[in-house]
Amino acid sequence: MRLTKFMALVSLDEQCAEVIGTDLPAQNCPFTLREKGAEPKPNAFHKVVVTTDDGEPLRPGDVDHIVTMTLLTEQVGKDAFAAGCRFDLWHGTKVGHGLVSRRVVI
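Residues numbered from 1 in each chain as written. Predicted model: local features only at pLDDT ≥ 70, side-chain atom pairs only at ≥ 80, totals over all residues. Heavy atoms only, no water.

## Side note on the packing of aromatic side chains
Using the following cut-off: Centres within 6.5 Å are what make two rings of Phe, Tyr or Trp a pair, Trp counting through its six-membered ring; a difference in plane orientation under 30 degrees is then read as stacked, over 60 as edge-to-face, and the rest as tilted. Runs of E in the DSSP output that reach at least two residues are strands. Runs of H or I that reach at least four are helices, and both are numbered from the N terminus. The cut-offs for exposure are 20% and 50% of the maximum accessible area for each residue type, with area from a 1.4 Å probe on protein chains only; residues under the lower value are buried, those over the upper are exposed, and the others partly exposed.
Tallied over the entire structure, the rule returns four aromatic pairs. Taken together, a centroid distance of 5.4 Å and an interplanar angle of 5 degrees make the contact between phenylalanine 6 and phenylalanine 81 stacked. Placement of the pair is phenylalanine 6 in strand S1 (residues 4-12) and phenylalanine 81 in the loop between strand S4 (65-71) and strand S5 (86-90), with a sequence separation of 75 residues. Look at phenylalanine 6 and you get buried, because its relative accessible area is 0%. Three or more aromatic residues joined by ring pairs make a cluster, and in this case those are Phe6, Phe81 and Phe87.

Here you go:
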């Protein structure tokens, strides 16, 4: 399995506390991403694990929290989630959004 990693700025909606609780783990927290502008088809959603770069947990209302994301989906093109790409963050329902700052070479 080829891993794709990237750094991103993530913001969580205040209202997502009802869905995710008050804190999410700082390491290996599971989410689903949907690239903004992607067609609504099954492969538009990608499973990821998120690790915060400062070791602090993700909290509802966080704005521009720096994270490293590891895609768990193999079927992404080499240009998917390039720097500047915007995405929605899902955890059962849409809970936030983000912006890819850079790809991490593995």
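## A few points about the side chain of aspartate 62
The following threshold applies: For this count, His and the chain ends are skipped, Lys and Arg are scored as positive, and Asp and Glu as negative. Salt bridge criterion: a side-chain nitrogen from Lys or Arg within 4 Å of a carboxyl oxygen from Asp or Glu. Pairs of N or O atoms are called polar contacts if they sit within 3.5 Å, as long as, within protein, a hydrogen donor faces a hydrogen acceptor (for residues adjacent in sequence, only side-chain-to-side-chain pairs). Contact between two residues is taken to exist if any of their heavy atoms lie within 4.5 Å; hydrogens are not considered.
Looking at the secondary structure, you find aspartate 62 in the loop between strand S3 (45-52) and S4. For the buried aspartate 62, which has no salt bridge, the nearest side chain bearing the opposite charge is arginine 59, at an N-O separation of 5.5 Å. A distance of 2.9 Å separates a polar side-chain atom of aspartate 62 from the backbone nitrogen of arginine 59. Of the polar contacts made by the side chain of aspartate 62, one reaches the side chain of histidine 65; its length is 3.0 Å. Every residue in contact with aspartate 62, bar those within four places of it in the chain, is listed here: Val10, Ser11, Leu12 and Pro57.

## Describing the pattern of salt bridges
A complete count under the given rule lists two salt bridges for this structure. The closest approach of N and O atoms between arginine 59 and glutamate 56, which form a salt bridge, is 4.0 Å. Judged by its relative accessible area of 39%, glutamate 56 is partly exposed. With a shortest N-O distance of 4.0 Å, lysine 94 and aspartate 88 are connected by a salt bridge.

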